[in-house]
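Chain residues, written in single-letter form:
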Amino acid sequence: MTSKAADKLKSDGWKIVETSGFLHLIGPLWQRVVDGTHEYALATEDKHHNRRGLVQGGVIMTFADRTCGMTARFVSGKPTLATVQLDTHFVEAGKIGEVLVSKPHVVRSTRSLIFITTEVTVDKRCIAMASGVFKILKSES
């Protein structure tokens with residue numbers, strides 16, 4: 001990511017989310033809270049490209065999955081959840097260098113499942129829509 005992109009995100013109130021494992025390879029992932037709503041960003045880089053030079057669909061799906069999962073964890077107050085379903089619809093291509101944004105919305109929450117939707121956008125363009133179901137797992141003792 002260019003320092004210009006990072007500087008812009010920082011000046012707009014975004015902070016880097018600590019990640020590890022697979023997501024660490026895709027990130028950095030950025031987060032901020034606006035009017036009580038969690039928002040997430042991913043500045044796309046050359047490492048995110050597919051064979052056509054656009055943002056790889058798997059990157060967009062991973063971003064949607066993680067941001068919805070983080071929102072489910074925040075809403076439930078539970079530390080461990082698992083994605084049991086994620087439906088993704090690609091609307092338009094993302095270009096390398098653009099900043100993807102996700103603003104997940106909880107549709108319904110039960111004792112064991114959380115249903116969430118999000119749009120992955122670039123500026124005012126919707127590039128993907130995703131809806132997921134997240135299972136609240138029992139805490140390990």
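Below or above, wherever it landed, is the structure these notes cover. (Residues numbered from 1 in each chain as written. Predicted model: local features only at pLDDT ≥ 70, side-chain atom pairs only at ≥ 80, totals over all residues. Heavy atoms only, no water.)

Points about the overall build of the protein
To keep things clear, this is the line we draw: Every helix listed is a DSSP run of H or I at least four residues long, and every strand listed is a run of E at least two residues long, numbered separately from the N terminus. Taken over C-alpha atoms, the radius of gyration is set against a globule rule of 2.2 Å times the number of residues to the power 0.38. Partly exposed residues are those whose accessible area sits between 20% and 50% of the maximum for their type, while under 20% is buried and over 50% is exposed, using a 1.4 Å probe and protein chains only. We call two residues contacting when some pair of their heavy atoms lies within 4.5 Å. Reported accessibility uses the Shrake-Rupley method at a 1.4 Å probe radius. Residues are deemed covered only where the shown protein chains occlude them. We treat Lys and Arg as the positive residues and Asp and Glu as the negative residues; His and chain ends play no part in the count. Charge positions come from single atoms, namely NZ of Lys, CZ of Arg, CG of Asp or CD of Glu.
Tallying secondary structure elements over the protein gives three helices and eight strands in all. Taking 14 Å as the expected radius of gyration for a compact globule of 141 residues, we find that the protein reaches 15 Å, a close match to that expectation. Seen along its three principal axes, the alpha-carbon backbone of the protein occupies a region of about 40 × 30 × 30 Å. Each of the 141 residues in the protein was classed as buried or not, and the buried ones make up 40%. Sequence-distant contacts in the protein: of pairs separated by 6 or more residues, those separated by 24 or more amount to 57%. Accessible surface, the protein as shown: approximately 8400 Å² in total, 52% of it carbon and sulfur. Here the protein carries 19 positive and 14 negative side-chain charges, and the mean point of each set is 5 Å from the other.

Comments concerning the nonpolar core
Put simply, the rule is: The criterion is simple. A nonpolar core is a set of buried Ala, Val, Leu, Ile, Met, Phe, Trp, Tyr and Cys residues joined through side-chain atoms within 4.5 Å.
Counting residues in each nonpolar core, the largest one holds 18 residues, and the members touching the most others are Leu-29, Leu-42, Ile-60, Phe-63, Leu-100, Val-120 and Ile-127. Secondary-structure elements contributing two or more residues to this core are α2 (21-26), β3 (37-43), α3 (57-76), β7 (113-122) and β8 (125-136). Sorting elements by how many residues they give to this core places α3 first, with five residues. Beyond its immediate stretch of four places on either side in the chain, Ile-60 contacts Val-55, Phe-90, Leu-100, Val-120, Ile-127 and Ala-128.

Brief notes about unusual backbone geometry
Look at the link from Gly-27 to Pro-28: it is a cis peptide, with omega at 20°. One can find Pro-28 in the loop between α2 and β2 (29-34). The phi torsion at Asp-35 lies on the positive side, around 50°, for a residue other than glycine. Exposure remark for Asp-35: the relative accessible area of 78% places this residue in the exposed category. Look at Asp-123: it is not a glycine, yet its phi comes out positive at around 55°. Along the chain, Asp-123 turns up in the loop between β7 and β8.

Focus: the side chain of His-38
Our working definition: Each polar contact in these results corresponds to two N or O atoms within 3.5 Å; when the atoms are within protein, one needs to be able to donate a hydrogen and the other to accept it, and residues that are neighboring in sequence are counted only if both atoms are side-chain atoms.
In this fold, His-38 is placed in strand β3. Its relative accessible area of 13% is what places His-38 among the buried residues. Separated by 2.9 Å, the side chains of His-38 and Gln-31 make a polar contact. Leaving out residues up to four positions away in the same chain, His-38 has contacts with Gln-31, Arg-32, Val-33, Phe-74, Ser-102, Lys-103 and Pro-104.

Quick notes on α3
Applied cut-off: Expected helix span is given by 1.5 Å per residue-to-residue step, counting one fewer step than there are residues.
End to end, α3 covers 28 Å across 20 residues, agreeing with the expected 28 Å (1.5 Å per residue, within 8%). Of the residues one or two after α3, Gly-77 is the one with positive phi, at around 75°.

Overview of the environment of Asp-65
One can find Asp-65 in helix α3. Taking C-alpha positions, Asp-65 is 9.8 Å from Thr-117, a pair spaced 52 residues apart along the chain. If near-sequence neighbours (up to four positions away) are discounted, Asp-65 is found in contact with Thr-83, Leu-86 and Phe-134.

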